[in-house]
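Architecture and fold: a report
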Amino acid sequence: MLLLTVAFHLSPTPLPVFPGSAPYPVGVAGFHTTTGLAKTDFYEVLGISRSATQREIKKAYYQLAKKYHPDTNKEDPKAKEKFSQLAEAYEVLSDEVKRKQYDTYGAAGFDAGAARGQQYWQAGPSVDPEELFRRIFGEFSGSRFTDFNSMFDQPHEYIMELTFTQAAKGVNKEISVNLDDTCHRCDGKGNEPGTKVQHCHYCNGTGMETLNTGPFVMRSTCRRCGGKGSVMTTPCIVCRGSGQSKQKKTVMVPVPAGVEDGQTVRMPVGRKEIFITFRVQRSSTFRRDGADIHSDLYISIAQAVLGGTARAQGLHETLNITIPAGIQADQRIRLASKGIPKVNSYGYGDHYIHIKVKIPKRLSSRQSSLMAAYAEEETDVEGTVNGIVNTATGKRSSGN
């Protein structure tokens, strides 16, 4: 389908009228056509949303242009057309001014005739698609498709499992990572050992080239050598000329004391950075509340009534706890600065001991007699006590 563009040229002087013909209208319409490509949605061509960033636009273009490049799709007759569409879409969307115009008016916004009355935008990129691809990504080491994925690398993220104690006290723990690092075969040079790089004749070894664009002369990074001034004829078979290769490494991670479950830290590894998210296991002894820890301490009835001492497990050591006489169940004992180190400030949290009174399920005859004697002396009983005829308040047990 052809898209028609109409422009009216207003004449300041009357136009001649020939006998037997109708007079000209005030404006003369000039019809210009563009191809059906103009109605293509550039965002759909690149497979991106309208809110995509320039980084996302560039990444989408590179991945699709590499996929549909005619050199890698020689048997596909539509590859060249698709490659050209990608170049056109990128040329518009990568320019913020053109993109804003496109978002506002669509393809019609590029009708230069609307502003100048003579020139009209034609569908298709204004530069050669192949030239655009090289201009953006270069041609390193003589290969059209050198690995540019490092331009779009996402952070390397890893999960590290920690016990409660490791997270609370800190630990040095090893982790295996896969990262791009200096290639061991070529020592980061990119060319196969024993071979040499060649002088770049495209820029005469300067790394810069001169581009003539009408009245303007611009200097930019050489598209052939990528600014290096030389090209590799024999790239390294391991890293393919990039100087970087995937390597598995074991690194020691100094886990700081006080990290919490789900917390993420950043750590440099060589030239890269990795992000480590901690997964902290639950403890059967402790409960955590920020830098404070909580634990339960079970004591006997005699300890609760008469008081005494008890031993409790602390985070760093075994603790001797003084039990005051008459302590109540679920009462808390605070041990200052016996908790977890505070990550973002100085000092330590506290350790709270929650008292739990153990109630025996079976008593010996002597214990039952003593408890009965004690019950007879109680004065604050609400209700009755089984087995007791009279309590100090004079109440009788319904069981007697």
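Residues numbered from 1 in each chain as written. Predicted model: local features only at pLDDT ≥ 70, side-chain atom pairs only at ≥ 80, totals over all residues. Heavy atoms only, no water.

Describing the nonpolar core
Among the nonpolar cores identified, the biggest contains 19 residues, and L46, I48, I57, Y61 and L93 are the most heavily contacted of them. Contributions of two or more residues to this core are made by α1 (42-46), α2 (54-68) and α3 (79-93). For this core, the element with the most residues is α3, which contributes seven residues. (Core = buried A, V, L, I, M, F, W, Y, C linked by side-chain atoms within 4.5 Å. Buried < 20%, exposed > 50% of the residue type's maximum accessible area, 1.4 Å probe, protein only. Helix = DSSP H or I, 4+ residues; strand = E, 2+ residues; numbered from the N terminus.)

A short note on the sheet that holds strand β11 (residues 272-280)
An order of β3-β11-β10 is seen for the three strands of this open sheet, with the pairing classed as mixed. Pairing within the sheet leaves two strands with one partner each, and these edge strands are β3 (156-162) and β10 (264-269). Strand-to-strand twist in this sheet, taken as the mean axis angle between neighbours without regard to direction, amounts to 35°. Here seven bridges tie β3 to β11, and the two strands are oriented parallel to one another. Opposite Y158, over in β11, you have I276 as the bridge partner. (Pairing = 2+ DSSP bridges. Axes fitted to C-alpha atoms, helices over the stretch in contact; angles between N-to-C directions.)

Some points on the packing of aromatic side chains
Considering all chains together, one arrives at four aromatic pairs under this definition. Judged by centre distance (6.2 Å) and plane angle (45°), the ring pair of Y43 and Y102 falls under tilted. Highlighted residues: Y43 in helix α1 and Y102 in helix α4 (residues 96-105), separated in sequence by 59 residues. The burial state of Y43 is the same as that of Y102; both residues are buried. Aromatic pair F164 and F286: ring centres 5.9 Å apart, planes at 15°, arrangement stacked. (Phe/Tyr/Trp six-rings, centres within 6.5 Å; stacked < 30°, edge-to-face > 60°.)

So, the layout of surface pockets
By volume, the second largest pocket amounts to about 340 Å³. Forming the walls of the second largest pocket are I301, A302, A304, V305, L306, G326, Q328, V357, I359, M371 and Y374. Taken together, the elements giving at least two residues each to the lining of the second largest pocket come down to α8 (301-306) and α9 (365-377). If you tally residues by element for the lining of the second largest pocket, the top one is α8, at five residues. (1 Å grid on protein atoms, 1.4 Å probe; cavity = no way out; pocket = protein on both sides within 12 Å on 5 of 7 lines; lining within 4 Å. Points joined across faces, edges and corners; volume = space filled by probe spheres on them.)

Describing empty space enclosed by the protein
Counted by the stated rule, this structure contains two cavities of 30 Å³ or more. Considered as a void within the structure, the largest cavity measures approximately 40 Å³ in volume. Elements with a contribution of two residues or more to the lining of the largest cavity: β4 (171-182) and β9 (244-255). With three residues, the single largest contributor to the lining of the largest cavity is β4. Of the residues belonging to the lining of the largest cavity, the class tally is two nonpolar, two polar and four charged. There is about 30 Å³ of room inside the second largest cavity. Forming the boundary of the second largest cavity are G314, L315, H316, E317, L319 and K338. Partitioned by chemical class, the residues of the lining of the second largest cavity number two nonpolar, two polar and two charged. (Nonpolar A, V, L, I, M, F, W, Y, C, P; charged D, E, K, R; others polar.)

Let's talk about the packing of α2 against α3
Interhelical geometry of α2 versus α3 gives an angle of 165° and a closest axis separation of 9 Å. Taken as axis vectors, α2 and α3 run roughly antiparallel relative to one another. Crossing of α2 against α3: the hand is left-handed. Seen from α2, the contacting residues are Q54, I57, K58, Y61, L64, A65 and Y68; seen from α3, they are A79, K82, F83, L86, A87, Y90 and L93. Of the residues contributing to the contact of α2 with α3, the split by class is eleven nonpolar, one polar and two charged. (Parallel < 35°, antiparallel > 145°, perpendicular 65-115°, else oblique. Left-handed = near helix turned anticlockwise from the far one by under 90°. Contact = heavy atoms within 4.5 Å.)

Overview of the pairing of β10
Both β10 and β11 contribute to a ladder of six bridges, which runs antiparallel. Paired with T264 across the two strands is T277, which belongs to β11. Turn length for the β10-β11 hairpin, with the two strands adjacent in sequence and antiparallel, is two residues, and the turn residue G270 shows positive phi of about 65°.

Regarding the sheet that holds strand β13 (residues 292-299)
Reading across from one edge, β12-β13-β17-β16 is the order of the four strands in this open sheet, with mixed pairing throughout. Of all strands in the sheet, those bounded by a partner on one side alone are β12 (287-289) and β16 (332-335). Across the sheet, the mean angle from the axis of one strand to that of its neighbour is 30°, orientation sign disregarded. Relative to strand β17 (residues 351-357), β16 is paired through four bridges, and the arrangement is antiparallel. Bridging across to β17, R332 finds its partner in H354.

Digging into the state of the cysteines
Note on terminology: a disulfide is the covalent bond linking the sulfur atoms of two cysteines. On inspection of all chains with the given rule, the structure shows zero disulfides. Here C239 stays unpaired: no disulfide links it, and the sulfur of C186, its closest cysteine neighbor, is 3.6 Å away. (Disulfide = S-S within 2.5 Å.)

Quick word on the pattern of salt bridges
If you walk through the whole model with that rule in mind, you get ten salt bridges. Measuring nitrogen to oxygen at the nearest pair gives 3.7 Å for the salt bridge that ties D103 to R50. Placement of D103 in helix α4 and of R50 in the loop between α1 and α2 is noted, with a sequence separation of 53 residues between them. For D103, a relative accessible area of 39% corresponds to the partly exposed category. The shortest N-O distance in the salt bridge between R266 and E273 comes to 3.8 Å. Under the relative-accessibility criterion, R266 is labelled exposed at 57%. Each of D41, R50 and D103 takes part in salt bridges that share partners, so that together they form one network. (Salt bridge = Lys/Arg side-chain N within 4 Å of Asp/Glu carboxyl O.)

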